[in-house]
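Residue strings, one per chain:
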Amino acid sequence: MNFEEISRLADEGEQVDQLYALFGEEKRLNASNTSRVEFLTTVRYIERYLRSSDRILDIGAGTYSFYFARKGYSVSTLEVAAANAQKFCENRCEGDQST
């Protein structure tokens, strides 16, 4: 599906699922050195404001959620894309502080 076809879908949940399938955020953040710099820069700025006892709400479960959960933060996620929610549940590691 292309962007124009996705924009015509009546179901917003399906639109979100199709957009994630089209753009692949997970892959995008690891696709190149530029993408990796984006990820590391974002993490660096977020970490400036975090204390070890902080809880994180990540709107959109994925790369950042896993990163911070594995660093020991308590991470809650909200994900509307069914495929991403499923992937998140499958990829959680025992000991992750994520829900």
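Not measured: the values here are computed from a predicted model.

(A) Inspection of the environment of E47 at higher detail. Looking at where E47 falls in the secondary structure, it is placed in helix α4 (residues 33-48). With relative accessibility at 25%, the residue E47 sits in the partly exposed group. E47 sits 21 residues away from F68 along the chain, and the two C-alpha atoms are 9.2 Å apart. Residues contacting E47, with those up to four places away along its chain left out, are Y67, F68 and K71.

(B) Region of the structure containing the side chain of E79. For E79, the position within the fold is in the loop between β2 (74-78) and α6 (82-91). Looking at E79, the relative accessible area reads 16%, which means it is buried. When residues no more than four places from it in sequence are discounted, the contact partners of E79 are Y20, G60, A61, N84 and A85.

(C) Inspection of the packing of α4 against helix α5 (residues 63-70) at higher detail. Where α4 meets α5, the closest approach of the two axes is 12 Å, and the angle between their N-to-C directions is 50°. The pairing of α4 with α5 is recorded here as oblique in orientation. Handedness of the α4/α5 crossing: right-handed. Every residue of α5 that contacts α4 at E38, F39, T42, V43, I46 and E47 is listed here: T63, Y64, Y67 and F68.

(D) The arrangement of the confidence of the model for the protein chain in detail. Taken residue by residue, the protein chain gives an average pLDDT of 83. The fraction at 70 or more is 90%. Mean pLDDT per element in the protein chain: helix α3 (residues 25-28) is the minimum at 72, and α4 is the maximum at 92.

(E) Just the side chain of S65, in detail. In this fold, S65 is placed in helix α5. Judged by its relative accessible area of 1%, S65 is buried.

Definitions and limits used
- Residues numbered from 1 in each chain as written.
- Predicted model: local features only at pLDDT ≥ 70, side-chain atom pairs only at ≥ 80, totals over all residues.
- Heavy atoms only, no water.
- Helix = DSSP H or I, 4+ residues; strand = E, 2+ residues; numbered from the N terminus.
- Buried < 20%, exposed > 50% of the residue type's maximum accessible area, 1.4 Å probe, protein only.
- Contact = heavy atoms within 4.5 Å.
- Axes fitted to C-alpha atoms, helices over the stretch in contact; angles between N-to-C directions.
- Parallel < 35°, antiparallel > 145°, perpendicular 65-115°, else oblique.
- Left-handed = near helix turned anticlockwise from the far one by under 90°.
- pLDDT = per-residue confidence, 0-100.

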